[in-house]
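For reference, the chains in residue letters:
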Amino acid sequence: MNQSVQDAINKQVANWSLLYTKFHNYHWYVKGSTFFELHAKFEELYREADVIIDELAERLLAIGGKPAATFQDILAKASLKEASGNESTDQMVHQLVSDFQQLTSELREAIHAAEEAKDYPTADILTGVLTKIEKHNWMLGAYLG
């Protein structure tokens, strides 16, 4: 199968694995007047990330790839950065907006690569992830005003 498609999926496996941990970090450490709202939102995001990771990793395995499955491999393949652990509530939300904007760009490239390789099932999966990200980014942007 197409190596560039496998690499693009694996980058997303790594990014979503990193995000899974970042969402947990934010879920545990959010503070302030919007605690209840954001605490619940971050939980929703880490639960969704768990599903996305599994779907992407299983697709990668189905087309002959090997998903990132160790912290070392995840950090080496991810384009996103870990949370520092010192973010304010506003910084958390701003960082997620930035992460989702980066993922939007990368997913569009990956969808294009999959379509060029005539790997329409992968393009469909990636399009579904993109749809979720665009909705979350819109909501987080609205939250920030």
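Read on for an overview of the structure.

Rules and cut-offs
- Residues numbered from 1 in each chain as written.
- Predicted model: local features only at pLDDT ≥ 70, side-chain atom pairs only at ≥ 80, totals over all residues.
- Heavy atoms only, no water.
- Salt bridge = Lys/Arg side-chain N within 4 Å of Asp/Glu carboxyl O.
- Helix = DSSP H or I, 4+ residues; strand = E, 2+ residues; numbered from the N terminus.
- Phe/Tyr/Trp six-rings, centres within 6.5 Å; stacked < 30°, edge-to-face > 60°.
- Buried < 20%, exposed > 50% of the residue type's maximum accessible area, 1.4 Å probe, protein only.
- Axes fitted to C-alpha atoms, helices over the stretch in contact; angles between N-to-C directions.
- Parallel < 35°, antiparallel > 145°, perpendicular 65-115°, else oblique.
- Left-handed = near helix turned anticlockwise from the far one by under 90°.
- Contact = heavy atoms within 4.5 Å.
- Core = buried A, V, L, I, M, F, W, Y, C linked by side-chain atoms within 4.5 Å.

1. A look at the pattern of salt bridges
For step 1, the next point in the chain: Applying the stated criterion to the full structure yields seven salt bridges.
For step 2, the next point in the chain: Residue Glu43 pairs with Arg47 through a salt bridge whose shortest N-O separation is 2.7 Å. Here the residue Glu43 and the residue Arg47 both occupy positions in helix 2 (residues 35-62), the gap between them amounting to four residues, near one helical turn.
For step 3, the next point in the chain: Residues Arg108 and Glu134 are paired through a salt bridge, measuring 2.5 Å at the closest nitrogen-oxygen approach.

2. Focus: the packing of aromatic side chains
For step 1, the next point in the chain: Taken as a whole and judged by the stated rule, the model has five aromatic pairs.
For step 2, the next point in the chain: Plain terms: the ring middles of Tyr20 and Tyr46 are 6.1 Å apart, the flat faces sit at 85° to each other, and that makes the pair edge-to-face. In this pair, Tyr20 sits in helix 1 (residues 3-29) while Tyr46 sits in helix 2, placing the two residues 26 residues apart along the sequence.
For step 3, the next point in the chain: Using a relative accessible area of 28% as the deciding quantity, one classes Tyr20 as partly exposed.
For step 4, the next point in the chain: When the centroid spacing of 5.2 Å and the interplanar angle of 80° are considered together, the rings of Phe35 and Phe36 count as edge-to-face.

3. Here's the deal with the packing of helix 2 against helix 5 (residues 120-144)
For step 1, the next point in the chain: Running from N to C, helix 2 and helix 5 cross one another at 170°; their axes reach a closest spacing of 11 Å. Taken as axis vectors, helix 2 and helix 5 run roughly antiparallel relative to one another. Relative to helix 5, the crossing made by helix 2 is left-handed. Touching Glu37, Leu38, Lys41, Glu44, Leu45, Glu48, Ile52, Glu55, Leu56 and Arg59 of helix 2 are Pro121, Thr122, Ile125, Leu126, Val129, Lys132, His136, Met139 and Tyr143, all from helix 5.

4. Examining the nonpolar core
For step 1, the next point in the chain: Among the nonpolar cores identified, the biggest contains 44 residues, and Trp16, Leu19, Phe23, Phe42, Leu56, Leu96 and Phe100 are the most heavily contacted of them.
For step 2, the next point in the chain: At the level of secondary structure, the elements contributing two or more residues to this core comprise helix 1, helix 2, helix 4 (89-116) and helix 5.
For step 3, the next point in the chain: It is helix 4 that provides the largest number of residues to this core, a total of eleven residues.
For step 4, the next point in the chain: Once residues lying within four places of it in the same chain are set aside, the contact partners of Leu96 are Leu19, Lys22, Phe23, Tyr26, Phe42, Leu45, Asn137 and Leu140.

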